[in-house]
Amino acid sequence: MREGQLGTSDSAMLRRTGREITENSRGVCSEARQESTRPSPVRLITFAKVLRFLRSLTRKKPLKPEGEVSDFCRCLTTLDLVGLGVGSTLGAGVYVLSGEVAREVTGPSIIISFLIAAVASVFAGLCYSEFGSRVPKTGSAYLYSYVTVGEVWAFVAGWNLLLSYVIGTSSVAKAWTSAFDDLIDNVIARTLENHTPTDSPGLAPYPDFFAAGLIMLLAGILAFGVKESAVINTVFTGLNVLVLVFIIISGFIKGDINNWHISREMILNATLAMENFTSTQNETFGVGGFFPFGLDGTLEGAATCFYAFVGFDCIATTGEVQNPQKAIPLGIVASLLICFLAYFGVSAALTLMMPYYLLDGHSPLPVAFEYVGWEPAKYVVAVGSLCALSTSLLGVMFPMPRVLFAMARDGLLFKPLCYLSSKQSPVVATLSSGAVAASMVLLFDLKALVDMSSIGTIFAYTLVAVCILVLRYKEDPGLVRRPEPFSVMGLLRPPSQPTHRTSKNVNMVTIIILFVMIALSVLLSEAVHSRRRRELWSTLLVSVLVLTLVLAVVIIWRQPQSSTKAAFMVPGLPVIPVLSIFMNTYLMVQLGGETWISYAVWMALGLIIYFGYGVHHSVQKQRLQEVRIQLNTPVNRDIAA
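Rules and cut-offs
Residues numbered from 1 in each chain as written. Predicted model: local features only at pLDDT ≥ 70, side-chain atom pairs only at ≥ 80, totals over all residues. Heavy atoms only, no water. Salt bridge = Lys/Arg side-chain N within 4 Å of Asp/Glu carboxyl O. Helix = DSSP H or I, 4+ residues; strand = E, 2+ residues; numbered from the N terminus. Buried < 20%, exposed > 50% of the residue type's maximum accessible area, 1.4 Å probe, protein only. Axes fitted to C-alpha atoms, helices over the stretch in contact; angles between N-to-C directions. Parallel < 35°, antiparallel > 145°, perpendicular 65-115°, else oblique. Left-handed = near helix turned anticlockwise from the far one by under 90°. Contact = heavy atoms within 4.5 Å. Nonpolar A, V, L, I, M, F, W, Y, C, P; charged D, E, K, R; others polar. pLDDT = per-residue confidence, 0-100. Core = buried A, V, L, I, M, F, W, Y, C linked by side-chain atoms within 4.5 Å. Polar contact = N/O pair within 3.5 Å; in protein donor to acceptor, adjacent residues only side chain to side chain. Disulfide = S-S within 2.5 Å. Expected span 1.5 Å × (residues − 1).

(A) Looking closely at the pattern of salt bridges. By the definition in use, this model includes 7 salt bridges. With its nearest N and O atoms 2.9 Å apart, the salt bridge here joins Arg-134 to Glu-130. Here Arg-134 pairs with Glu-130, and both are found in helix H5 (residues 110–134), just 4 residues apart, close to one helical turn. With respect to burial, Arg-134 and Glu-130 carry one shared label: buried. In this structure, Lys-174 and Asp-208 form a salt bridge, with 3.3 Å as the shortest nitrogen-oxygen distance.

Okay, here's the thing in structure tokens:
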């Protein structure tokens, strides 16, 4: 019995010991599994570095950086800004664009197209005006993006602006020499084609040394001093406006209101007399009346006419304004108003002087004056065209070195570009940008690159409108952040004061708006025939996208705005910035695939420069590092003590 009892107790002990060993082994295995799934220190360090690097790309520049002073000579008045804005915006397009669009797209309703385009331009102009009053420094959309959405987006905006300015300078200089060459029976073109022809695809037919010399001459004038450049620009702009006033008055004197009410029978009878007439041409000229191509034609013409108002943003790049908080908004709005009146008047005079279907697509005004018996007036038009091209060239060259200067001062581009002369002019940036533009006009066929410059400008307009939404709904400075979880009711019933949560909600909804607008723009431009046939899928998809857009706008409208005030603020928030974003997105979608490929190459080059140079030499990065050192120094001393 004792042996049996001992055996029983031994077996029980063995069973308990086995259970303990089993449990211990399970624990060891569990710990081993946890250890195996736990990230290694190397992996944690790598992830932390990547996260820190991504955050560094969105570091923002303060509105008033410590230690940064403006060395520009503040000598420009509001009148100088208006002259600069009108000169750069009211270019040669006013002498050509009206005839081409009226003949092929809109008819007499081109005046409505210019009105719609002007309203859309004012939306972008109001956004620029508010930033001009908040951040009265040189840099335009580049600087506005830097203080709002971060460094990498600022570089993208600045790089886009440089693209539009460089190509714009080259193309306007080429147009100037072509207009001048027409007056002297194309002597320049024939001489250069005979002596210096180039047969390579993608390159210019011949190097235009005259245009390159003109660019470097104006670059020298701009480098000499901003006030002297502004005076020259104002004189040429004044001559241009006088010529346009003469054209408008002459058109209303010699015009016939019946040209706005042409019947379809009159169009058919007139076109039957044309040489090589076909039924296809008859379709091109519409059905007569004030809207010969319908409302669709008027809206399509408005999208084209929008480009005529591009250029006012050069006002926002100036760092030499005496009272920037008031002068920049006033200069932008006044410039757009004057340009609209000029485009409206010239297009009305043109379609009154001559039936729209007879307008010449290349030289509408001289042909119109010949039609009414005022043939000598074409020389006045030629003088005005040269003055317009001169001011447009000065206007597009003026902001280019200032954007270069601002980016170089912040360390994102090469430091020598921010050198200032004794007259506080960015001389190195001016001459460098002029040399690049002169090289392009010597080498490349610019017709294929002009659309690419439009992407740069319109992208900058879009980014500025987005920045307005971000800035106006940002939490007030000094607000103590508290944990605020996301909730659907928080979107519709937010607190009365802006918080970090409401600001983040606006940012997320703005991103949704951008994606919805891209989808809607692609649908409106690519599915035209389906929409005209009112197919169910297209109607349903457009309705869903529009309702989503309206809901997103209502959500942003419900959020509290920042209490920070400025001398000028965009009214009608958030509708005006959203409309500006939609118009710009629609125009960018209209551009062709080759243009987007060229643009992608340009952006790839810019990002290589940014990640290879700008990230490491960023002045804002150095400021933040100095702040961290100052904050850590007392802590280290306490530990040492």
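(B) Structural view of the packing of helix H4 (residues 93–106) against H5. Where H4 meets H5, the closest approach of the two axes is 10 Å, and the angle between their N-to-C directions is 110 degrees. In terms of axis orientation, H4 runs roughly perpendicular to H5. Seen along the crossing, H4 lies across H5 with a hand that is right-handed. Residues Leu-97, Ser-98, Val-101, Ala-102 and Thr-106 of H4 form the contact with H5, whose own contacting residues are Ile-110, Ser-113 and Phe-114. The class makeup of the residues in the contact of H4 with H5 is 5 nonpolar, 3 polar and no charged.

(C) Inspection of the confidence of the model for the chain at higher detail. In this model, the chain carries a mean pLDDT of 81, and residues with pLDDT of at least 70 account for 86%. Throughout residues 278–283 the model reports pLDDT below 50, and contacts reaching past four residues in sequence, or to other chains, amount to 5 contacts. With pLDDT under 50 throughout, residues 635–641 is counted as low confidence; its partners more than four residues away or in other chains account for 0 contacts.

(D) Quick look at the nonpolar core. Core analysis: the largest hydrophobic core is formed by 171 residues, its most contacted members being Tyr-95, Tyr-128, Phe-309 and Leu-413. In terms of residue count, helix H7 (residues 151–183) provides more of this core than any other element does, 16 residues in total. For Phe-309, the residues in contact, after removing those within four places along its chain, are Thr-89, Phe-114, Ala-117, Ala-118, Ser-121, Leu-336, Cys-339, Phe-340, Tyr-343 and Tyr-461.

(E) Representation of the side chain of Asn-259 within the structure. Assignment of secondary structure puts Asn-259 in the loop between helix H10 (226–254) and helix H11 (264–272). Among the polar contacts made by the side chain of Asn-259, one reaches the main-chain carbonyl oxygen of Leu-352 at a distance of 2.6 Å. Not counting residues up to four positions away in its chain, the partners in contact with Asn-259 are Pro-108, Thr-351, Leu-352, Met-353, Met-354 and Pro-355.

(F) Seen up close, the state of the cysteines. By the definition in use, this model includes 0 disulfides. The thiol sulfur of Cys-339 is not disulfide-bonded, and the nearest other cysteine sulfur, from Cys-314, lies at 9.9 Å. Among the residues examined, Cys-339 registers a relative accessible area of 0% and is labelled buried.

(G) Structural view of H4. Relative to the 20 Å expected for 14 residues at 1.5 Å per residue, H4 spans just 16 Å between its end C-alpha atoms, considerably shorter than the ideal helical length. Those residues of H4 not exposed but buried are Val-94, Tyr-95, Leu-97, Ser-98, Gly-99, Val-101, Ala-102, Val-105 and Thr-106. The elements touched by buried residues of H4 are H5, H10, helix H13 (294–305), helix H14 (324–353), helix H15 (364–371) and helix H16 (377–397). With its phi angle positive at about 75 degrees, Gly-107 sits one or two positions after the end of H4.

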